[in-house]
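Given next are the chains, with one letter for each unit.
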Amino acid sequence: MQGQGLVETVTAAPRLSSAARRRQIREKIIAGIITAAAFTGIAALVLILVFIAKEALTLFLDAHAREEASLSKMFLPQVVRANRPPAFVWQPVSNVPKVSMIPLFIGTLKTTLVSMVVAVPVGVAGALYAAEFAPRRLREVLKPTIELLAGIPSVVLGFFALMVLATFLQDTFGLPTRLNAVVAGLGLALAIVPVIFTVSEDALTAVPRSYREASLALGATPWETAWKVVLPAAAPGILAACVLGFGRAIGETMIVLMASGNAAIVSWNFTDSVRSMSATIAAEMGEVVVGSPHYSLLFFIGVELFLFTFVLNMVASTWTRRVLKRLTGAGA
């Protein structure tokens, strides 16, 4: 009997070894597939950036393109008409092309600023209420309802801003222009409130319960605990939510294209029509001559948008690390 058991053990060992090898092979294959998928996403992003940068480089490599759209013409005031002061004008398809980026920068900044002024307080306040004060049943209804707003197509929000918000604001406040930065900014706010709310609510919920209990034990009210303890502790996550919302607002196309008026005007009046950088690409790319300076100029605008959001994310990431060090006491 002992000999038979020894034989069975010896014969089972190769079987276990082969099963373990097959399991290791399967794990390596799965790990390879996951790694390949991750690198495929990175490679796709790099290829997109290379393609956009290659098309934009024509502005600096081609003599005709440099003459028509040089950096000085894009960022410095130019003489548009005789006996008139220099101005910033965007008219790339005129007899004498005028390619100033300043009206597009101002338009993008105005619409984004309006949207952030509205969306950040609403999104963060809603997240704070849902995480700290709302009853459980109300929270179960409130959060999915707000998150559903993120699924509304931007063209629908743009149509709503065009037909409803624009008419309401003009009739109520007597605005001189029906489509302007305020209307476009409010339309953008509808698009980014769900993003800010969802990420902020997750950050607030992730704050350890011991923070709240310690604050309440020291005699703080629930409101003081939420405002002075929970909100600062969740500041990095809330900042990330604001950065995501800002990136969505600055890159949004359809809402601004439909509700801003698409007038490249240099004005700090928020009731004037504006033209954003992303809307310019969408409006003009379909009719531009491929290979022309105008064509390369639109790709250059795309590079500017990427650089702007990249720098913003880097600044936000640096600020978040500093806040985390201060909260954890690592910098002490």
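Residues numbered from 1 in each chain as written. Predicted model: local features only at pLDDT ≥ 70, side-chain atom pairs only at ≥ 80, totals over all residues. Heavy atoms only, no water.

Draft legend 1. Quick peek at the overall build of the chain. When its secondary structure is counted, the chain shows 14 helices and two strands. Radius of gyration (C-alpha) of the chain: 28 Å, far over the 20 Å computed for a compact globule of 332 residues. Based on the C-alpha atoms only, the size of the chain along its principal axes is roughly 110 × 60 × 45 Å. The buried share among the 332 residues of the chain stands at 35%. A sequence separation of at least 24 residues applies to 71% of the contacts in the chain between residues at least 6 apart. (Helix = DSSP H or I, 4+ residues; strand = E, 2+ residues; numbered from the N terminus. Rg over C-alpha atoms; globule rule 2.2 N^0.38 Å. Buried < 20%, exposed > 50% of the residue type's maximum accessible area, 1.4 Å probe, protein only. Contact = heavy atoms within 4.5 Å.)

Draft legend 2. Local environment of the nonpolar core. Residues Trp90, Met101, Leu204, Ile238, Leu297 and Ile301 are the most contacted members of the largest nonpolar core, which totals 51 residues. Among the secondary structure elements, those contributing two or more residues to this core are helix 5 (102–132), helix 8 (181–205), helix 10 (222–233), helix 11 (235–251), helix 12 (254–259), helix 13 (277–284) and helix 14 (293–328). When residues of this core are assigned to their parent elements, the largest contribution, nine residues, is made by helix 8. Excluding its chain neighbours within four sequence positions, the residues that come into contact with Trp90 are Lys98, Val99, Ser100, Met101, Pro103, Leu104, Ala264, Arg275, Thr280, Glu284, Leu297 and Ile301. Leu165, Ala166, Leu175 and Leu179 belong to the second-largest nonpolar core, a separate cluster that totals 11 residues. (Core = buried A, V, L, I, M, F, W, Y, C linked by side-chain atoms within 4.5 Å.)

Draft legend 3. Structural context of the side chain of Glu55. With respect to the helices, strands and loops of the structure, Glu55 is situated in helix 1 (residues 2–56). Given the relative accessible area of 15%, Glu55 is considered buried. Those residues in contact with Glu55, other than ones at most four positions away along the chain, are Tyr295, Ser296 and Phe299.

Draft legend 4. Examining unusual backbone geometry more closely. With a phi close to 55°, Asn262 is a non-glycine residue in the positive phi region. With respect to the element layout, Asn262 can be found in the loop between helix 12 and helix 13. Assessed through its relative accessible area of 25%, Asn262 is described here as partly exposed.

Draft legend 5. Quick peek at the packing of helix 8 against helix 11. Running from N to C, helix 8 and helix 11 point in directions that differ by 160°, and their axes come no closer than 8 Å. Overall, the two elements helix 8 and helix 11 adopt an arrangement that is roughly antiparallel. Every pair of crossing elements has a handedness; the one defined by helix 8 and helix 11 is right-handed. For the pair formed by helix 8 and helix 11, the contact residues are Leu188, Ala191, Ile192, Val195, Ile196, Val199, Ser200, Ala203 and Leu204 on the first element and Gly237, Ile238, Ala241, Leu244, Gly245, Arg248 and Ala249 on the second. (Axes fitted to C-alpha atoms, helices over the stretch in contact; angles between N-to-C directions. Parallel < 35°, antiparallel > 145°, perpendicular 65-115°, else oblique. Left-handed = near helix turned anticlockwise from the far one by under 90°.)

Draft legend 6. Molecular detail of the environment of Ser317. Along the polypeptide, Ser317 turns up in helix 14. Given a relative accessible area of 30%, Ser317 falls into the partly exposed group. For the pair Ser317 and Ala130, spaced 187 residues apart in sequence, the C-alpha separation works out to 26 Å.

Draft legend 7. Spotlight on helix 8. The end-to-end C-alpha separation of helix 8 is 35 Å, in line with the 36 Å expected for 25 residues at 1.5 Å each. Capping the start of helix 8, Asn180 holds a side-chain oxygen 3.0 Å from the backbone nitrogen of Val182, two or three residues further along. (Expected span 1.5 Å × (residues − 1). Polar contact = N/O pair within 3.5 Å; in protein donor to acceptor, adjacent residues only side chain to side chain.)

Draft legend 8. Fine view of the packing of aromatic side chains. Overall, the coordinates contain eight aromatic pairs when judged by the stated rule. Aromatic side chains Phe51 and Phe299 sit 5.5 Å apart centroid to centroid with 85° between the ring planes, which places their arrangement in the edge-to-face category. Of the two residues, Phe51 is situated in helix 1 and Phe299 in helix 14; the sequence distance between them amounts to 248 residues. The class for Phe51 is partly exposed, based on a relative accessible area of 41%. Between Phe306 and Phe310, the ring centres sit 6.0 Å apart and the planes meet at 25°, which makes this aromatic pair stacked. (Phe/Tyr/Trp six-rings, centres within 6.5 Å; stacked < 30°, edge-to-face > 60°.)

Draft legend 9. Spatial organisation of the pattern of salt bridges. For the structure on display, the rule yields eight salt bridges. When the shortest N-O distance is used, the salt bridge between Arg212 and Glu132 registers 2.7 Å. In this pair, Arg212 sits in helix 9 (residues 209–217) while Glu132 sits in helix 5, placing the two residues 80 residues apart along the sequence. Arg212 sits in the buried class, given a relative accessible area of 14%. Close ionic contact of Glu140 with Arg136 constitutes a salt bridge, the shortest N to O distance being 3.0 Å. (Salt bridge = Lys/Arg side-chain N within 4 Å of Asp/Glu carboxyl O.)

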